[in-house]
Structures are given as C-alpha cells and as structure tokens.
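Chains, contacts and geometry: an overview
Here is what each chain is made of, one letter per residue.
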Amino acid sequence: MEELIVLGTGNAAVTRCFNTCFALRQEKEYLLTDAGGGNGILSALENAQIPLRQIHHLFVTHAHSDHILGVPWIIRMIGTRMNQEKYQGNLHIYCHRELAEAIRSITSLVVQKKISRLFDSRILFHIVEDGTELPILGSSFTFYDIRSSKEKQFGFLCRDKSGRRLAFPGDEPCPEHLYPVFQNADWMFHEAFCLYEDRERFRPYEKHHSTVRDACLLAQRLSVKNLVLWHTEDKDLASRQKRYLREGRPFFSGTLYVPDDGDKISLSGQPGPENPA
C-alpha cells in the first residue's frame, strides 16, 4: 500500500471532526475501512479527492453506529452508479457474518430496491473469520477477531507487495493475543481516546479504550516503527496534535503521527510536515 488517507479521526460522540475511518491507496484504487456514522463519509471522500468509481473494496470492523451507518450511503451512491453504468466492476465488502446481515438489513430498509437487489450480483460480501487471509489490491490481508467484550469486531494485518506490515487492531486497545501477530509491524493504526492526564475527565477505560500514553507504551513494547493515533475526543482540535505528540513521544521511540481529518500519510515511513521527527 502506498498511502494512508485519514478520512476521520474522532470517536463516536464527536461533533468537530468526523468519526474515525480511513482509506489505503494502491496506485489509483482504494480500500475503505469503515465509513463513519452517516453521509459525512461522502464529504470526507470528496475532500480527499477519492472518486467512488475507484473504491472497489470496503472493510467494516463492527456494528457500532460510528462505523457502520456510513456504509448504506456508500452502497447507495455506488449502487446508483452501477445502475447508470458509470461504475466498472463490483464492490467487495469484507466483514464478519453477523455484520453482513446487519448491513443487508439496514441498507434494504433505507435504499431503493433497485440498489439492494445488487447484493450478491455486483455488491459482494466476503465473510471473514479469525485468521481469514485474502488478497486485496495486491496485498495480503489477514483478518483477526479482536475478541471484543462490547461488540464482535475484527482488525487486520496487511502485508503489502513491498514487504511492509500494517497492523490495525480495530477501535479498541490491541488485545494481548494479537501481540505476536503485530510484533515489529512497520505501521500500527491505533485508537487513543484522550491524553493520560485527561483520563479522569474522559474515562476511556470504562469505554474499553486507551490513552495516548497507553498506546505509545504498547507500540514501544511491540517494536512498532510508525504509530498513527486516532479515534479521539474532539474538545480542543486546534491543539490536539501538539498535546498528543508531547505526551506520546517520551514513551515511543518510533515515528508518531497524530493526523487531522483529511491528512494523507505516505507509507514509505517518511515523517510528514505535520508530525516532524
């Protein structure tokens, strides 16, 4: 994968940024991971200059509203283009079985039948189980059940054609059973609900989330090279990056990224101007 496009960086309750979701680019094609909580995904894609016709792959982690409710909008817009013969190929959706059923049900209730009838003909579901390995955009993706106690949820390890290993444990702290899988990853995309110093204010542990300090300590333990933090609170976006970098850097010796919505990060590992080394 050549580039990470950060479409949203916020947790479920944010109002000043979009819910956390992202795309991975390989040449002119994209894998979209999650879709936020509504049609804000369309603005996020437009702002990132990602054409819908170049999205043929969508991975959905779990059924929480801030991850799944943008999916019917993606299906609606791409399905409309399919019916207008303005979209080449099929849309491939990767998710666990129960989530596929939820996406089918929600979408069938809120879009026209001429779109939902495209299920299983041009909108194709690929059911993932723990350890399922699939080729996507020239990379190998292995999907893992993170064993969430809140909602069945999957993350992935991507091995791209250049040999890079991209670790994504979903929107909860990386679980211990996946430490060996993600050890020495070139990149890790990890949630960080708030600063450690603000833990009493935001209570991340009650929500099964972590802090910047926690995420950095974990990435350091796993010898991760590059760490991207997101799925945060949004109370002071203007200074979020500065504050999060200041707290995290003493605990992580790799390159730390705290992106804003819309940021694009080269996966070659070169620090961007917004996160100087």
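All of the points below concern the structure found in this document. A quick note: this is a predicted structure, and the numbers were derived from the prediction, not measured. The residue numbers shown here count from 1 along each chain, following its written sequence. With the structure being a predicted model, the display of local features is reserved for residues of pLDDT at least 70 and the display and counting of side-chain atom pairs for 80 or more, all residues being used for whole-chain, interface and lining totals. Each side-chain value is worked out from all heavy atoms of the structure, with water and hydrogens disregarded.

Remarks on the pairing of strand β7 (residues 133-136)
Rule in force here: The pairing criterion is simple: DSSP has to find at least two bridges between the two strands. In this description a helix means any DSSP run of H or I spanning at least four residues, a strand means any run of E spanning at least two, and both kinds are numbered starting from the N terminus.
Here 4 bridges tie β7 to strand β8 (residues 139-145), and the two strands are oriented antiparallel to one another. Residue pairing for β8: Pro135 is matched across the bridge by Ser140. Between β7 and β8, which follow one another and run antiparallel, lie 2 residues, and Leu137 among them has a positive phi close to 50 degrees.

Topic: the nonpolar core
Which entries qualify depends on this criterion: Nine residue types can take part in a nonpolar core, namely buried Ala, Val, Leu, Ile, Met, Phe, Trp, Tyr and Cys, and a core is a set of them joined through side-chain atoms within 4.5 Å. Under the scheme applied here, a residue whose accessible area is under 20% of the maximum for its type counts as buried, over 50% as exposed, and between as partly exposed, the area being computed with a 1.4 Å probe on protein chains only. Two residues qualify as a contact provided that any one of their heavy atoms is within 4.5 Å of a heavy atom in the partner residue.
Counting 36 residues, the largest nonpolar core has Leu7, Ile93 and Ile103 as the members making the most contacts within it. Counting residues per element, this core draws most heavily on helix α3 (residues 71-83), which supplies 5 residues. Once you skip the residues sitting within four places of it in the chain, Ile93 turns out to touch Leu58, Val60, Ile75, Ile103, Ile123, Leu124, Phe125 and His126.

Section: the sheet that holds strand β3 (residues 29-33)
Backbone hydrogen bonds hold the strands of a sheet together, and the pairing may be parallel or antiparallel. The condition that has to hold: The convention used is that axes are lines fitted to C-alpha atoms, helices contributing only their stretch in contact, and that angles between N-to-C directions extend from 0 to 180 degrees.
With respect to topology, 7 strands assemble into an open sheet ordered β6-β5-β4-β3-β2-β1-β14, the strand pairing being mixed. Looking at strand neighbours, the two that pair on one side only are β6 (123-127) and β14 (264-266), the edges of this open sheet. Between one strand axis and the next, the sheet turns by 20 degrees as a mean value, whatever way the strands run. In the sheet, strand β4 (residues 55-59) pairs with strand β5 (residues 91-95) via 3 bridges, with the strands oriented parallel. By the bridge assignment for β5, Phe59 is matched with Tyr94. Where helix α1 (residues 40-47) meets the sheet, its contacts fall on β1 (3-8), β2 (21-26), β3 and β4, and the angle it forms with β1 comes to roughly 140 degrees. Sheet contacts for α3: β3, β4, β5 and β6; angle to β5, the most-contacted strand, approximately 160 degrees.

Quick look at the pattern of salt bridges
Rules: Throughout this description, the term salt bridge denotes a Lys or Arg side-chain nitrogen within 4 Å of a carboxyl oxygen of Asp or Glu.
Under the criterion given, the structure shown has 10 salt bridges. Among the ionic pairs, Arg104 bridges to Asp120, the shortest N-O distance being 2.6 Å. In this pair, Arg104 sits in helix α4 (residues 97-110) while Asp120 sits in the loop between α5 (113-116) and β6, placing the two residues 16 residues apart along the sequence. Residues Asp260 and Arg240 are paired through a salt bridge, measuring 3.3 Å at the closest nitrogen-oxygen approach. Note that Asp260 is positioned in the loop between β13 (255-257) and β14 and Arg240 in helix α9 (residues 237-248), a separation of 20 residues in sequence.

Things to note about α4
Test applied: How far a helix is expected to stretch is found by multiplying one less than its residue total by 1.5 Å. Of all possible arcs, the one meant is that of the directions from the helix axis to the C-beta atoms.
With 14 residues, α4 extends 21 Å from end C-alpha to end C-alpha; this agrees with the ideal 20 Å at 1.5 Å per step. All of the buried residues along α4 are Leu99, Ala100, Ile103 and Thr107. Axial view of α4: buried residues confined to an arc of 105 degrees, hence all on one face.

Notes on the packing of aromatic side chains
In plain terms, the rule: For Phe, Tyr and Trp, where Trp contributes only its six-membered ring, two rings pair if their centres lie within 6.5 Å, and the inter-plane angle classes them as stacked under 30 degrees, edge-to-face over 60, or tilted in between. Either the NZ atom of lysine or the CZ atom of arginine qualifies as a charge over a ring when it sits within 6 Å of the ring centre and within 35 degrees of the ring normal.
Enumeration over the complete set of coordinates arrives at 14 aromatic pairs. With a centroid separation of 6.5 Å and an interplanar angle of 90 degrees, the aromatic rings of Tyr144 and Phe182 are classed as edge-to-face. Here Tyr144 is found in strand β8, whereas its partner Phe182 is found in helix α6 (residues 179-182), with 38 residues between them in sequence. A residue is classified by how much of its surface remains accessible, and Phe182, at 0% relative accessible area, is buried. In textbook terms, an aromatic cluster arises when at least three aromatic residues are bridged by ring pairs, as seen for Phe22, Phe59, Tyr94, Phe141, Phe143, Phe156, Phe168, Phe189 and Trp230. The positively charged end of Arg199 is found above the aromatic ring belonging to Tyr196, 3.8 Å away from the centroid. Of note, Arg213 hangs over the ring of Tyr196, and the distance from its end group to the ring centre comes to 4.5 Å.

Thoughts on the environment of Tyr30
By secondary structure assignment, the location of Tyr30 is in strand β3. Residue classification places Tyr30 among the buried positions, given a relative accessible area of 9%. With 193 residues separating them along the chain, Tyr30 and Ser223 place their C-alpha atoms 28 Å apart. Each residue touching Tyr30, except ones within four places of it in the same chain, is listed here: Ile5, Ala23, Leu24, Arg25, Gln49, Ile50, Gln54, Ile55, His56, His57 and Leu137.

Description of the sheet that holds strand β9 (residues 154-159)
Ordered by their spatial adjacency, 7 strands build an open sheet running β7-β8-β9-β10-β11-β12-β13, and the pairing between neighbours is mixed. Each of the sheet's edge strands pairs with one partner strand only, and the pair in question is β7 and β13. Pairs of neighbouring strands in the sheet enclose a mean axial angle of 20 degrees, with direction left out of account. Two elements, β8 and β9, share 6 bridges in a ladder whose sense is antiparallel. In the sheet register, Tyr144 faces β9, and the bridge partner there is Gly155. Running at roughly 155 degrees to strand β12 (residues 226-230), helix α8 (residues 212-221) makes contact with β11 (187-191), β12 and β13 of the sheet.

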